[in-house]
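# Survey of secondary and tertiary structure
The lines below spell out each chain.
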Amino acid sequence: MHPFTVLAVAALVVTSTTALAAWPVSLSVVLVCLGVAATRGRLAAVAAASTAILVPVWCSQLMIHALFDRAGTHVLLEAGWLRLTSEGLTVAAQLGLRLAVLVVVGATVAVAVDRHRLVAAIDLAPVPPQAGYLLAATLALVPRLQRRRRAIADAQALRLLDAAPEARRAGPLRRAWRAVRLQAVPLVLSSVQDAAERAPHLAARGFPSTADRRTRLRDVPDSRLQRLVRRAAAVGAVVVPALILIGGAG
Amino acid sequence: MSVPQPAAPEPAPGPESGTDATAGGLTLEDRPGHSGPGRRLLATAGFAILAVTYLALVLTQPAGIAEGLGQGVALAAFAGYLAAALLLLAAVLPELPVGTLTLIPVALALNIVLGQFVGSVMVPLYLDSIGTVLVGFLAGRRAGAATGVLGTLVWALFNPTVLPFAAGAGLIGLLAGTAARLGAVRRIVLAPLAGLVAGVIGGLVAAPVAAFVFGGTSGVGTGALVSAFGAMGDSLLSAVTKQALISDPGDKAVVFLIAALLVYALPGRLTRTFAFVRRYRVLGRRRQAQD
């Protein structure tokens with residue numbers, strides 16, 4: 001499927017589910033997403049990524065809305081500053097579920113959309129050509145810089161710089177800055193140098209030309225039906241929640 | 001041993017952002033695109049949407065964030081902040097010269113890699129905007145703002161909850177460029193002060209999103225602070241704003257200091273390739289190690 005179709009449908013699902021604010025719907029969306037991830041063999045990845053994001057947020061929402069609630073009347077537990085109420089728990093659960101929909105749908109989209117196809121789709125779309133380059137270059141650079149930082153850390157360890165008398169005499173803050181300097185400076189220096197060297201090469205090849213006659217390595221299959229679904233989902237992502245909210249208010 | 005070096009002769013003014021590949025004198029100067037009325041309109045619309053959304057949230061302070069119209073407030077805040085960020089990006093991106101475009105992905109990757117590394121050896125702050133501030137210092141306000149917004153959009157591929165904070169991240173990049181332009185990097189001691197100011201502004205802008213979209217914060221420590229303020233009688237927005245004013249300025253002060261130290265650690269031949277650095281004399285006199 002075209003990456004933009006997936007993104008548009010995901011936006012429609014998130015905005016409509018948020019506007020509905022009905023826990024059976026939200027729970028169903030989460031379960032469907034986990035099912036989609038399972039069919040692609042990525043259930044563990046989606047579950048792990050979602051849990052890593054959601055657990056600290058849920059803890060935060062529980063603390064803010066439920067554990068020290070002063071407004072609720074149905075007190076479940078009270079001890080000193082602690083005041084757990086059923087109203088507070090309901091608010092925390094509603095907020096937690098609202099966020100769970102966004103995170104799980106996002107994590108599912110992340111595994112469902114091939115990043116190379118997303119870059120190619122952005123490149124083909126009528127947006128500035130810089131957008132595709134920036135996304136592609138960033139996604140390629142992150143693992144490369146992580147490898148380079150590990151190599152720099154290994155090289156500095158081989159020089160036994162941690163055992164140097166200067167390092168042993170330094171206080172904790174100076175030691176922390178020394179660790180940052182020994183690894184971050186070579187990393188930043190080499191990366192900025194690479195960027196500076198890349199610029200004239202790109203400029204020499206006419207980047208970022210807005211001319212449409214460019215040879216593309218990768219094409220993204222699209223269809224009339226998908227374009228129709230995409231447009232309807234994009235419009236629906238705005239109109240459907242608006243109608244739900246107006247209906248709810250009336 | 002270190003010795004003071006005389007300042008380099010001031011070059012002719014150039015464009016605000018981008019690198020100048022004329023260091024070797026073999027290629028044409030890398031000029032940014034022109035800022036047409038359409039792009040100015042986009043930027044104005046972006047700032048206007050951000051201001052209107054922010055003011056509407058702060059002035060009305062809607063109650064009932066989890067039920068009824070609270071869902072509409074969350075969606076409107078999310079959409080308003082995201083739309084503002086995308087409009088600002090659309091206005092700025094085509095203007096950036098190639099030299100800056102090649103620097104931005106490096107900065108975005110550095111945000112992730114340095115954020116992970118520095119966070120592992122120092123105090124538990126976010127420290128996820130070192131690359132953004134670095135670009136602001138080297139290439140100016142527009143490049144800094146574009147880096148902030150793009151960094152958030154790329155990070156949203158891994159964590160969609162950061163999406164509405166794109167405008168705030170762009171603002172930090174813009175403020176970093178402004179600080180460098182005003183001379184905050186010429187003396188290292190001024191950099192954390194500029195970071196403090198940027199942190200206060202960034203915290204104020206981000207607080208309504210945290211309060212009305214997420215109902216608080218995304219971390220346990222920050223959540224404890226918000227709940228403590230809430231227990232003392234503050235409204236949710238007030239508690240989140242106070243928490244942001246405690247966490248963000250310190251974080252940005254450290255980030256601005258680290259970015260300034262990294263800029264000074266870069267060799268002069270490299271920093272001088274950035275027209276913004278030359279035009280606004282971003283860096284002070286350098287001390288060069290002899291050993």
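Residues numbered from 1 in each chain as written. Chains lettered and ligands numbered in written order. Predicted model: local features only at pLDDT ≥ 70, side-chain atom pairs only at ≥ 80, totals over all residues. Heavy atoms only, no water.

Looking only at helices and strands, one finds 11 helices and two strands in chain B. Start at the N end of chain B and walk to the C end: the helices and strands fall as β-α-α-α-α-α-α-α-α-α-α-α-β. Residues counted as buried form 56% of the 291 residues belonging to chain B. Restricting the contact set of chain B to residue pairs at least 6 apart, pairs at least 24 apart contribute 77%. In the structure as shown, chain B presents an accessible area of about 11,500 Å², 67% of it carried by carbon and sulfur atoms. (Helix = DSSP H or I, 4+ residues; strand = E, 2+ residues; numbered from the N terminus. Buried < 20%, exposed > 50% of the residue type's maximum accessible area, 1.4 Å probe, protein only. Contact = heavy atoms within 4.5 Å. Areas by Shrake-Rupley, 256 points an atom, 1.4 Å probe, with all protein chains shown as cover.)

As a further point, take the overall build of chain A. Per the secondary structure count, chain A includes nine helices and two strands. Computed over its C-alpha atoms, the radius of gyration of chain A comes to 25 Å, more than 25% above the 18 Å expected for a compact globule of 250 residues. Summarising its shape, the C-alpha atoms of chain A cover approximately 65 × 60 × 35 Å along the three principal directions. Of all 250 residues assigned to chain A, the portion counted as buried reaches 40%. Sequence-distant contacts in chain A: of pairs separated by 6 or more residues, those separated by 24 or more amount to 68%. Accessible surface, chain A: about 13,800 Å² in total, of which carbon and sulfur atoms supply 65%. Averaged over its 29 positive side-chain charges, chain A has a centre that lies 4 Å from the centre of its 13 negative ones. (Rg over C-alpha atoms; globule rule 2.2 N^0.38 Å. Lys, Arg positive; Asp, Glu negative; His and termini not counted. Charge placed at Lys NZ, Arg CZ, Asp CG, Glu CD.)

On to the domain arrangement of chain A, then. We note that the domain assignment places domain 1 (3–121 + 221–249) and domain 2 (130–204) within chain A. Between the C-alpha centres of domain 1 of chain A and domain 2 of chain A there is a distance of 36 Å. (Domains from an automatic or database assignment.)

A word on the interface of chain B and chain A. Of the residues lining the interface, 65 residues belong to chain B; the matching set on chain A comes to 65 residues. Regarding the contact of chain B and chain A, the summed buried area is about 5,500 Å², with carbon and sulfur atoms giving 80% of it. For the side of chain B that touches chain A, the elements supplying multiple residues, two or more each, are helix H2 (69–92), helix H3 (98–121), helix H5 (141–155), helix H8 (220–231), helix H9 (236–265) and helix H10 (268–271) of chain B. For the side of chain B that touches chain A, the leading source of residues is H3 of chain B, giving 18 residues. Looking at side-chain class alone, the side of chain B that touches chain A contains 46 nonpolar, 17 polar and two charged residues. (Buried area = accessible area lost by both parts, 1.4 Å probe. Nonpolar A, V, L, I, M, F, W, Y, C, P; charged D, E, K, R; others polar.)

Moving on, we get to the confidence of the model for chain A. A low pLDDT score tells you not to read the predicted coordinates there in detail. Across chain A, the average pLDDT comes to 86, with 92% of residues at or above 70. The least confident element of chain A is helix H7 (residues 165–169) of chain A, whose mean pLDDT is 64; the most confident is helix H2 (residues 23–39) of chain A, at 95. (pLDDT = per-residue confidence, 0-100.)

Given a rise of 1.5 Å per residue, 18 residues ought to cover 26 Å, and the 26 Å separating the end C-alpha atoms of helix H1 (residues 3–20) of chain A matches this to within 8%. Those residues of H1 of chain A not exposed but buried are Pro3, Thr5, Val6, Ala8, Ala10, Val14, Thr15, Ser16, Thr17, Thr18 and Ala19 of chain A. (Expected span 1.5 Å × (residues − 1).)

So, on to a nonpolar patch on the surface. A contiguous nonpolar surface patch, about 490 Å² in accessible area, is contributed by Val189, Leu190, Leu193, Leu196, Val197 and Ile201 of chain B. The topology assignment puts Leu196 of chain B in helix H7 (residues 190–212). (Patch = residues over 30% accessible without salt bridge, like charges linked within 9 Å, V, L, I, M, F, W, Y side chains within 5 Å. Salt bridge = Lys/Arg side-chain N within 4 Å of Asp/Glu carboxyl O.)

To describe a pair of aromatic rings, you give the distance between the ring centres and the angle between the ring planes. Residues and elements named next belong to chain B. Within this structure, the stated rule accounts for four aromatic pairs over all chains. Measuring from centroid to centroid gives 5.9 Å for Phe165 and Phe214, while their planes differ by 20°, and the two rings are stacked. Of the two residues, Phe165 is situated in the loop between H5 and helix H6 (166–181) and Phe214 in the loop between H7 and H8; the sequence distance between them amounts to 49 residues. For Phe165, a relative accessible area of 27% gives the class partly exposed. Taking the relative accessible area as the measure of exposure, Phe214 reaches 6% and is therefore buried. For the pair Phe276 and Tyr280, a centre-to-centre distance of 5.3 Å together with 50° between the ring planes defines the contact as tilted. Just as Phe276 is buried, Tyr280 falls in that class too. (Phe/Tyr/Trp six-rings, centres within 6.5 Å; stacked < 30°, edge-to-face > 60°.)

Attention now moves to the pattern of salt bridges. All names here are of chain A. Evaluation of the coordinates by the stated rule reveals seven salt bridges over all chains. Across the pair Arg230 and Asp222 runs a salt bridge whose closest N-O atoms are separated by 2.8 Å. Take Arg230: its relative accessible area is 14%, and that puts it in the buried class. Among the residues examined, Asp222 registers a relative accessible area of 30% and is labelled partly exposed. Ionic contacts of the salt-bridge type, sharing partners, join the residues Asp222, Arg227 and Arg230 into one network.

In this structure, Thr18 of chain A sits in helix H1. Engagement of the side chain of Thr18 of chain A in a polar contact is seen with the backbone oxygen of Val14 of chain A, the distance being 2.6 Å. (Polar contact = N/O pair within 3.5 Å; in protein donor to acceptor, adjacent residues only side chain to side chain.)

So, about the packing of H2 of chain A against helix H4 (residues 86–112) of chain A. Residues and elements named next belong to chain A. The N-to-C vectors of H2 and H4 enclose an angle of 20°; their axes lie 9 Å apart at closest approach. As the angle between them shows, H2 and H4 are arranged roughly parallel. Crossing of H2 over H4 shows left-handed handedness. Residues Trp23, Ser26, Leu27, Val29, Val30, Cys33, Leu34, Val36 and Ala37 of H2 form the contact with H4, whose participating residues are Leu97, Ala100, Val101, Val104, Val105 and Thr108. (Axes fitted to C-alpha atoms, helices over the stretch in contact; angles between N-to-C directions. Parallel < 35°, antiparallel > 145°, perpendicular 65-115°, else oblique. Left-handed = near helix turned anticlockwise from the far one by under 90°.)

What follows deals with the pairing of strand S2 (residues 82–85) of chain A. Sheet faces and side chains relate simply in a regular strand, where the side chains alternate between the two faces. Residue and element names in this part refer to chain A. By the bridge criterion, four bridges tie strand S1 (residues 75–79) to S2 in an arrangement that is antiparallel. Within S2, the position partnered with Val75 by the bridge is Thr85. What sits between S1 and S2 in their antiparallel hairpin is a turn of two residues, with Gly80 showing a positive phi close to 65°. (Pairing = 2+ DSSP bridges.)

A few words now on H8 of chain B. Over its 12 residues, H8 of chain B extends 16 Å from the first C-alpha to the last, a length consistent with the 16 Å expected when each residue adds 1.5 Å. The inward-facing, buried residues of H8 of chain B contact helix H3 (43–67) of chain A together with H9 of chain B. One or two steps after H8 of chain B, the chain reaches Gly233 of chain B, where phi turns positive at roughly 105°.

Looking now at the side chain of Thr271 of chain B. Residues and elements named next belong to chain B. Relative to the elements of secondary structure, Thr271 occurs in helix H10. For Thr271, a relative accessible area of 2% puts it in the buried group. Among the polar contacts made by the side chain of Thr271, one reaches the main-chain carbonyl oxygen of Gly268 at a distance of 3.2 Å.

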